[in-house]
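# Structure assessment
Here's the letter readout for the chains.
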Amino acid sequence: MLFVPHVALAAMLLGASPLGTTKLHGARRAGPVVNQGYTSEEEYHAALSGKAGLPEGFRVGTTGFEFSPVEAAAGTKAKMNITVIVADKPSYSWAAVLTRNSFCGAPIKIGRERIEAGAPLQAMIINNKISNVCSGRDGVADSESLCEAVAAALELPGGGKSVIPASTGVIGWSLPVGPMTVAIPSALAALQRDTMLPAARAIMTTDRYPKLRRAEVCGGTIVGIAKGCLLYTSPSPRDGLL
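Rules behind the numbers
Residues numbered from 1 in each chain as written. Predicted model: local features only at pLDDT ≥ 70, side-chain atom pairs only at ≥ 80, totals over all residues. Heavy atoms only, no water. Helix = DSSP H or I, 4+ residues; strand = E, 2+ residues; numbered from the N terminus. Buried < 20%, exposed > 50% of the residue type's maximum accessible area, 1.4 Å probe, protein only. Contact = heavy atoms within 4.5 Å. Areas by Shrake-Rupley, 256 points an atom, 1.4 Å probe, with all protein chains shown as cover. Expected span 1.5 Å × (residues − 1). Polar contact = N/O pair within 3.5 Å; in protein donor to acceptor, adjacent residues only side chain to side chain. Salt bridge = Lys/Arg side-chain N within 4 Å of Asp/Glu carboxyl O. pLDDT = per-residue confidence, 0-100. Axes fitted to C-alpha atoms, helices over the stretch in contact; angles between N-to-C directions. Parallel < 35°, antiparallel > 145°, perpendicular 65-115°, else oblique. Left-handed = near helix turned anticlockwise from the far one by under 90°. Core = buried A, V, L, I, M, F, W, Y, C linked by side-chain atoms within 4.5 Å. Phe/Tyr/Trp six-rings, centres within 6.5 Å; stacked < 30°, edge-to-face > 60°. Pairing = 2+ DSSP bridges.

Right, let's get into the overall build of the protein chain. Helix and strand content of the protein chain: five helices and eight strands. Along its sequence from the N terminus, the protein chain presents helices and strands in the succession β-α-β-β-α-β-α-β-α-α-β-β-β. Counting over 242 residues, the protein chain shows a buried share of 50%. Contacts in the protein chain between residues at least 24 apart in sequence constitute 72% of all its contacts with a sequence separation of at least 6. With the model as given, the accessible surface of the protein chain reaches about 11,000 Å², and the carbon-plus-sulfur share is 55%.

On to helix α2 (residues 106-117). Since one α-helical turn is 3.6 residues long, residues separated by three or four positions face the same way. For α2, built from twelve residues, the straight-helix expectation of 16 Å at 1.5 Å per residue is met to within 8% by its first-to-last C-alpha distance of 17 Å. If you check which residues of α2 are buried, you get Ala-106, Pro-107, Ile-108, Ile-110, Gly-111 and Arg-114. Positive phi appears at Gly-118, one or two residues downstream of α2, with a value of about 70°.

Structurally, the position occupied by Thr-181 is in helix α4 (residues 177-189). The sequence separation of Thr-181 and Ser-145 amounts to 36 residues, and the corresponding C-alpha distance is 8.5 Å. Within the structure, Thr-181 has its side chain in polar contact with the backbone oxygen of Val-177 (distance 2.7 Å).

Moving on: the pattern of salt bridges. A complete count under the given rule lists seven salt bridges for this structure. Across the salt bridge formed by Arg-137 and Asp-142, the nearest N and O atoms sit 2.8 Å from each other. The exposure class of Arg-137 is partly exposed, given its relative accessible area of 47%. Sharing partners across several salt bridges, the network here consists of Arg-114, Glu-144 and Lys-161.

Further remarks concern the confidence of the model for the protein chain. Taken residue by residue, the protein chain gives an average pLDDT of 82. The fraction at 70 or more is 79%. Averaged over each element, pLDDT in the protein chain is lowest for strand β1 (residues 13-14) (30) and highest for α4 (98). Long-range and interchain partners of residues 1-35, a stretch whose pLDDT sits below 50, account for 127 contacts in this model, where long-range means more than four residues apart. When the criterion is pLDDT under 50, residues 231-237 qualifies, and its contacts beyond four places in sequence or with other chains add up to 14 contacts.

At a minimum axis separation of 10 Å, helix α3 (residues 139-154) and α4 run at an interaxial angle of 30°. With respect to each other, α3 and α4 are oriented roughly parallel. Crossing handedness for the pair α3 and α4: right-handed. Side by side, α3 and α4 meet where Asp-142, Ser-145, Leu-146, Ala-149, Val-150, Ala-153 and Leu-154 of the first sit next to Val-177, Met-180, Thr-181, Ile-184 and Leu-188 of the second.

This paragraph deals with the nonpolar core. Counting 26 residues, the largest nonpolar core has Ile-82, Ile-125 and Val-163 as its most contacted members. In terms of residue count, the dominant contributor to this core is α4 (six residues). Setting aside anything within four residues of it in sequence, one finds Val-163 in contact with Arg-114, Leu-121, Ala-123, Met-124, Ile-125, Cys-147, Val-150, Ala-151 and Leu-156. Judged by nonpolar contacts, the second largest core, of 22 residues, contains Tyr-38, Trp-94, Ala-166 and Leu-197.

The next subject is the packing of aromatic side chains. A complete count under the given rule lists three aromatic pairs for this structure. Ring centres of Tyr-44 and Tyr-209 lie 5.7 Å apart, and the angle between their planes is 85°; on these two criteria the pair is classed as edge-to-face. Residue Tyr-44 is located in helix α1 (residues 41-51), and its partner Tyr-209 is located in the loop between α5 (197-202) and β6 (211-217); the two are separated by 165 residues in the primary sequence. Taken as a pair, Tyr-44 and Tyr-209 share a single burial class, namely buried. Relative to Phe-67, the ring of Phe-65 has its centre 6.0 Å away and its plane inclined at 50°; by these criteria the two rings are tilted.

Sheet architecture is open: four strands sit in the order β2-β3-β4-β5, paired in mixed fashion. Strands with a single pairing partner mark the edges of an open sheet, and in this sheet they are β2 (58-67) and β5 (163-167). Strand-to-strand twist in this sheet, taken as the mean axis angle between neighbours without regard to direction, amounts to 15°. Relative to β5, α2 is tilted by about 155°, and along the sheet it contacts β4 (121-127) and β5. On top of the sheet, α4 reaches β2, β3 (78-91) and β4; it is set at about 140° to β2, its chief contact.

In structure tokens:
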């Protein structure tokens, strides 16, 4: 999905192409080998920090929490991150690129509805760990509930319909809506105007490193983050945010 609020550009690309990240070749979890101009992983992260400044008019906040997936064995603990991106003003200037897969997740269905409705958007809520696909529950209702919680906490004039959701992670698990709702105030308390890097890290699942790019175009700023996702999707196997 591509979300373009007022003057600056903030975005969501679910299933769109990679955002031009520098590839880390020969990567291993214990210590990736960094090529293409970076001599170490530390240098790579420092370079991202220098590119991660937020465009004017946006705030980003993240938080993490542990939960017990109902689909997993008793006693299993998992960690989820929540990211909230908020524009200072609602905007009609947004667009989306969505998967053509008819067996899509609940956030994609909501995204399609938002497009058809043509209402202004002002915020996004993104979670990792669980994709909200084939959850065995009403995934749309779960995502809409989270959108409503964000809108209520921020007192957004457009309500829950001005919030767009995104989820990435395990297929077949249901969202822990209760713990997520409890965690939303922590994400909102962390809202800041300085950097997109916390969001780049928070959306990661099996990724080995965060991915971020910045460009100055037409008098404005684009900041993009991305993560790996499932193969065999269309348009292509990436989740991303601009």
